[in-house]
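Notes for the structure review
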Amino acid sequence: MLVAVVVAHPAADSYCRALAGRAVTGLRAGGHEVVVLDLYADGFAPAMTTAERHAYHGDTPILDDQVAEHADVIRRAEALVFVYPTWWSGLPAVLKGWLERVLVPGVAFGFDDAGKVQPGLGHVRRIVGISTYGSPRSYVRLVNDNGRRILTRALRMSCSWRTRCRWLGLYAIDTSTSDERNAFAARVEREMADLR
Amino acid sequence: MTRALVVSCHPQEGSLVAAARQRVVAGLETGGAEVRLTDLYAVGFEPAFTVDEHAHHLRPGADPSLAGHVADLQWCDTLVLVYPTWWSGQPAMLKGWIDRVWVNGVAWELPDGAHRLHPRLRNVRRLVAVTTHGSSKLVNGLEGEAGKRTVTRSLRTMCHPLARTSWIALYGVDTSTPRQRRAFLDRVERRLHRLA
């Protein structure tokens with residue numbers, strides 16, 4: 001299947017970007033077609049502009065060529081894989097802005113006559129989150145996992161009832177050992193190779 | 001005297017959120033508070049956490065270009081966030097303000113040997129969110145209220161231990177009537193007047 005891998009980390013030599021590389025390796029080994037959308041490398045601008053906000057409920061909510069390219073990928077993708085560091089329990093601003101600017105009406109959802117939201121990503125069969133956390137897993141699960149909630153609940157609501165979610169987190173990264181990080185990277189590659 | 005910092009975020013003047021921002025300031029001022037206002041779109045805030053900031057993120061202090069934002073945050077005893085909820089969270093513009101301003105040495109610190117972050121914004125005793133949701137309260141509940149949890153849990157942990165939070169929200173904006181929107185704005189001004 002066609003898999004869009006959306007990556008959001010500022011540093012090219014970061015562990016997070018390395019994880020994205022391992023995910024792509026795994027997906028290709030599994031026979032999938034992969035398109036990488038590396039938001040920092042591509043200089044993606046996070047903030048929805050005033051002009052985009054004005055156009056949001058019109059016929060052409062997308063005004064930017066780069067956003068249009070990303071939207072074309074998402075319209076065809078059967079799986080969405082997100083790779084990012086969790087900051088303030090949520091998505092980095094760049095990734096949050098990507099949701100706001102790319103997943104607009106006509107791409108991710110539409111409005112019916114009563115103004116209610118109708119899902120538009122029925123073709124997406126899998127949502128995968130791969131994220132690193134500063135906090136330990138128990139704390140994250142107990143107190144807040146807001147990035148995960150946005151992707152596996154809010155975004156999933158725009159998909160199909162059959163869409164399945166998979167979450168791979170490396171917790172307490174600041175105190176993790178290199179063995180743990182290597183094992184997690186290997187797990188990411190393995191799970192992505194097995195993605196169906 | 002109450003010292004209130006209002007951080008607002010909406011790309012469009014004339015929007016409901018822009019009106020709410022005016023009513024927030026009016027309520028606070030008639031209540032006797034000293035108010036500082038940061039309108040992130042008006043000042044052209046850059047929301048993306050940069051490569052350089054990431055390289056120095058273990059060193060205390062925000063980027064020097066953000067000194068004004070840091071001073072305002074450390075000055076206030078009441079912080080009011082005014083924004084539309086998009087994809088069940090803060091818009092990228094506001095998330096970026098959190099990512100870049102609430103950094104090591106400003107919002108938190110990690111003393112040698114400590115196992116968890118220590119809060120540094122003990123000056124903040126009241127945290128207020130004024131927000132609008134396109135969809136209903138039920139849908140937002142199913143989606144997990146990630147934005148609400150980011151304010152009332154994640155941000156709150158870095159404020160005064162007894163800091164109180166207020167959630168002032170209008171759900172179902174997409175299908176709301178002019179009367180409901182007027183009532184919301186009145187409620188915003190009344191609540192902020194009382195809090196001042």
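A quick note: this is a predicted structure, and the numbers were derived from the prediction, not measured.

Turning next to the overall build of chain B. The number of helices and strands found in chain B is 7 helices and 7 strands. Along chain B, helices (α) and strands (β) appear in the sequence β-α-β-α-α-β-α-β-β-β-α-α-β-α when read from the amino end. Its C-alpha radius of gyration of 17 Å places chain B within 12% of the 16 Å reference for a compact globule of 196 residues. A principal-axis box enclosing the C-alpha atoms of chain B has dimensions of 55 × 35 × 30 Å.

Counting 114 residues, the largest nonpolar core has V5, V6, A23, V81 and V83 of chain A as its most contacted members. Not counting chain neighbours up to four residues away, the residues in contact with V6 of chain A comprise L37, L39, L80, F82, L95 and W98 of chain A.

With 32 residues of chain A at the interface, the matching set in chain B holds 32 residues. With 6 residues, the top contributor of residues to the side of chain A that touches chain B is helix α4 (residues 93-102) of chain A.

So, on to the sheet that holds strand β3 (residues 78-85) of chain B. All names here are of chain B. One open sheet holds the 5 strands; their spatial order is β2-β1-β3-β6-β7, and the pairing between them is parallel. Each edge of the open sheet is held by one strand with a lone partner, namely β2 (34-39) and β7 (164-170). Taking each pair of neighbouring strands and ignoring which way they run, the sheet shows an average axis angle of 15°. Examined bridge by bridge, strand β6 (residues 126-133) and β7 share 7 bridges and lie parallel to one another. Note on β7: the bridge partner recorded for L127 is T165. Across the face of the sheet, helix α1 (residues 16-30) comes into contact with β1 (3-8), β2, β3 and β6 while running at roughly 165° to β3.

The next subject is the packing of α1 of chain B against helix α7 (residues 178-195) of chain B. Residue and element names in this part refer to chain B. Between α1 and α7, the least distance of the axes is 7 Å, while the angle of their chain directions is 30°. Here α7 runs roughly parallel to α1, going by the angle between their axes. Read as a crossing pair, α1 and α7 show a hand that is right-handed. Every residue of α7 that contacts α1 at L16, A19, A20, R23, V24, A26, G27, L28 and T30 is listed here: R181, L185, V188, E189, R190, L192 and H193. For the contact of α1 with α7, the residue count by class is 9 nonpolar, 3 polar and 4 charged.

When pLDDT is averaged across chain B, the result is 96; 100% of the residues are at 70 or more. With pTM at 0.97, the complex prediction returns an ipTM value of 0.95.

All names here are of chain A. If you walk across this open sheet you meet the 5 strands as β2-β1-β3-β6-β7, and the pairing is parallel. Looking at the sheet topology across the chains shown, the edges are occupied by β2 (33-38) and β7 (164-170). For this sheet, the mean angle separating the axes of adjacent strands, direction not counted, is 15°. Where strand β1 (residues 2-7) lies against β2, 6 bridges are found, and the strand directions are parallel. Bridging across to β2, V5 finds its partner in V36. Against the sheet, helix α1 (residues 15-29) contacts β1, β2, β3 (79-85) and β6 (126-132), and its axis sits at roughly 160° relative to β3.

Two elements in contact, α4 of chain A and helix α4 (residues 92-101) of chain B, have axes whose closest approach is 8 Å; the angle formed by their N-to-C orientations is 175°. In terms of orientation, α4 of chain A lies roughly antiparallel with respect to α4 of chain B. Here A93, K96, G97 and E100 of chain A of α4 of chain A lie close against α4 of chain B, whose contacting residues are A92, K95, G96 and D99 of chain B.

All names here are of chain A. The buried fraction of β6 amounts to 6 of the 7 residues, a majority that puts the element mostly inside the structure. In terms of strand pairing, β3 meets β6 through 7 bridges, oriented parallel. Among the inter-strand pairings, Y84 is bridged to a residue of β6, identified as S131. Where β6 and β7 come together, 7 bridges link them in parallel fashion. For G129, the partnering residue across the bridge sits in β7 and is W167.

On to the environment of R126 of chain B. All names here are of chain B. Within the secondary structure, R126 sits in strand β6. Put simply, R126 and C159 are 33 residues apart on the chain and 8.5 Å apart in space, counted from C-alpha to C-alpha. Sequence-distant contacts of R126, defined by excluding residues within four places in its chain, comprise D77, T78, A163, R164 and L195.

Here the focus is helix α3 (residues 67-75) of chain B. Residue and element names in this part refer to chain B. What α3 keeps buried is the set H69, V70 and L73. All buried residues of α3 fall inside an arc of 100° around its axis, so they share one side. For α3, exposure combined with an orientation more than 90 degrees from the buried face picks out A67, G68 and A71. Where α3 is buried, its residues contact β1, β2 and α4.

Turning to the pairing of β1 of chain A, a few remarks are in order. Residues and elements named next belong to chain A. With 5 of 6 residues buried, β1 lies mostly within the body of the structure. With respect to chirality, the unit in which β1 leads through α1 into the neighbouring parallel β2 is right-handed. Two strands pair when backbone bridges link them, and β1 and β3 are joined in this way by 5 bridges, in the parallel orientation. Bridging across to β3, V5 finds its partner in V81.

Parameters and conventions
Residues numbered from 1 in each chain as written. Chains lettered and ligands numbered in written order. Predicted model: local features only at pLDDT ≥ 70, side-chain atom pairs only at ≥ 80, totals over all residues. Helix = DSSP H or I, 4+ residues; strand = E, 2+ residues; numbered from the N terminus. Rg over C-alpha atoms; globule rule 2.2 N^0.38 Å. Core = buried A, V, L, I, M, F, W, Y, C linked by C-beta atoms within 7 Å. Buried ≥ 20, exposed ≤ 12 C-beta atoms within 10 Å, placed from the backbone. Contact = placed C-beta atoms within 7 Å. Pairing = 2+ DSSP bridges. Axes fitted to C-alpha atoms, helices over the stretch in contact; angles between N-to-C directions. Parallel < 35°, antiparallel > 145°, perpendicular 65-115°, else oblique. Left-handed = near helix turned anticlockwise from the far one by under 90°. Nonpolar A, V, L, I, M, F, W, Y, C, P; charged D, E, K, R; others polar. pLDDT = per-residue confidence, 0-100. Arc of directions from axis to C-beta. Right-handed = clockwise from strand over helix to strand, strands pointing away.

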